[in-house]
Amino acid sequence: QVQLVESGGGLVQTGGSLRLSCAASGRIFMNYVMAWFRQAPGKEREFVAALSWNLFSNKIDYADSVKGRFTISRDNAKNTVYLQMNSLKPEDTAVYYCAAGPTMRMRAADTYDYWGQGTQVTVSS
């Protein structure tokens, strides 16, 4: 069993930055993928970014809408995944969720086994 706890959300102005953290407890296996998804009011949950937990893998993926602005990273010693968000826009406003699982399809939300409770990010114009 894996528990995920997100933190770091908040209110920021357009162009600002935030760093989200996802602390994982329990056993994170080397074949796991760690990901961030988001869901805005009235919209479906959408993929944001993902990376493989394996230290020897460089597998990273970003949604086109955040590429060049967001960076996903991990600290295996702390069992934590981060999402650095720069140049934030009002359309980035959403609840951001951390997810984990042995998925082969990084962008598919229904392939992840574990989810956090979410953290709200609001970008004011």
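Provided above is the structure to which this section pertains.
The numbering scheme is per chain: residues are counted from 1 as the chain's sequence reads. It should be noted that, the model being predicted, local features are given only for residues of pLDDT at least 70 and side-chain atom pairs only at 80 or more, the latter also being counted only at that level, while totals for whole chains, interfaces and linings use all residues. Think of the side-chain values as coming from all heavy atoms in the structure, minus any hydrogens and water.

Participant: What should I look at first to understand the overall build of the protein chain in this one?
Facilitator: Secondary structure assignment for the protein chain yields zero helices and 11 strands. Starting at the N terminus, helices and strands are each numbered in turn, a helix being any DSSP run of H or I of at least four residues and a strand any DSSP run of E of at least two. In sequence order, the protein chain lays out its α and β elements as β-β-β-β-β-β-β-β-β-β-β. In this treatment the radius of gyration is a C-alpha quantity, and the globule benchmark scales as 2.2 Å times the residue count to the 0.38 power. For 125 residues, the compact-globule formula gives about 14 Å, and the C-alpha radius of gyration of the protein chain, at 13 Å, lands near that figure. By principal-axis analysis of the C-alpha atoms, the protein chain measures approximately 40 × 25 × 25 Å. Burial statistics for the protein chain: of 125 residues in total, 46% are counted as buried. When the accessible surface of the protein chain is summed, it comes to about 6,400 Å², and 49% of that surface belongs to carbon and sulfur atoms. Counted charges follow a simple rule, with Lys and Arg positive, Asp and Glu negative, and His plus the chain ends left uncounted. The atom standing in for a charge is NZ when the residue is Lys, CZ when it is Arg, CG when it is Asp and CD when it is Glu. Between the mean site of the 13 positive side-chain charges and the mean site of the 10 negative ones, the protein chain shows a separation of 5 Å. Using a 1.4 Å probe on the protein chains alone, a residue whose accessible area is under 20% of its type maximum counts as buried, one over 50% counts as exposed, and one in between counts as partly exposed. Every accessible area reported is derived by Shrake-Rupley at a probe size of 1.4 Å, with residue values counting cover from the shown protein chains alone.

Participant: When you look at unusual backbone geometry in this model, what are you seeing that I'm missing?
Facilitator: Residues other than glycine predominantly adopt negative phi, and peptide bonds predominantly adopt the trans conformation. Not every positive phi belongs to a glycine, and Asn-79 is a case in point at roughly 55°. Mapped onto the elements of the fold, Asn-79 is located in the loop between strand 7 (70–75) and strand 8 (80–85). Among the residues examined, Asn-79 registers a relative accessible area of 23% and is labelled partly exposed. If you check the backbone angles, Ser-87 has positive phi at about 50° while not being a glycine. Judged by its relative accessible area of 40%, Ser-87 is partly exposed.

Participant: What exactly am I supposed to notice about the nonpolar core here?
Facilitator: Grouped together as the largest cluster of nonpolar side chains are 40 residues, with contacts concentrated most on Leu-4, Met-34, Trp-36, Leu-83, Met-85 and Tyr-96. Within the residue set of this core, elements represented by two or more residues are strand 1 (2–7), strand 3 (18–26), strand 4 (33–39), strand 5 (46–52), strand 7, strand 8, strand 9 (94–101) and strand 11 (119–124). In this view, Tyr-96 contacts Glu-6, Leu-20, Trp-36, Phe-37, Arg-38, Val-48, Phe-70, Leu-83, Met-85, Gly-118, Thr-119 and Val-121; residues no more than four positions away in its chain are not counted. Nonpolar cores are built from buried Ala, Val, Leu, Ile, Met, Phe, Trp, Tyr and Cys residues. Side-chain atoms within 4.5 Å join them into one set. We call two residues contacting when some pair of their heavy atoms lies within 4.5 Å.

Participant: Explain the packing of aromatic side chains to me, please; I cannot follow it from the model alone.
Facilitator: The geometry of an aromatic ring pair is captured by the separation of the ring centres together with the interplanar angle, meaning the angle of the planes. Here is the rule: rings of Phe, Tyr and Trp (six-membered ring for Trp) pair when centre to centre is within 6.5 Å. Planes less than 30 degrees apart are stacked, more than 60 are edge-to-face, and the remainder are tilted. Enumeration according to the criterion identifies seven aromatic pairs in this entry. Residues Phe-37 and Trp-115 carry aromatic rings whose centres are separated by 5.2 Å and whose planes lie at 55° to one another, so their mutual orientation is tilted. In this pair, Phe-37 is assigned in strand 4 and Trp-115 in strand 10 (residues 114–115), connecting sequence segments 78 residues apart. Given the relative accessible area of 1%, Phe-37 is considered buried. The partly exposed category is assigned to Trp-115, whose relative accessible area is 27%. Consider the rings of Tyr-97 and Trp-115, whose centres lie 6.5 Å apart with planes at 75°: the pair is edge-to-face. Taken as a pair, Tyr-97 in strand 9 and Trp-115 in strand 10 lie far apart in primary sequence, 18 residues in all. The positively charged end of Arg-45 is found above the aromatic ring belonging to Tyr-97, 3.9 Å away from the centroid. Whether a charge sits over a ring comes down to the Lys NZ or Arg CZ being within 6 Å of the ring centre and within 35 degrees of the ring normal.

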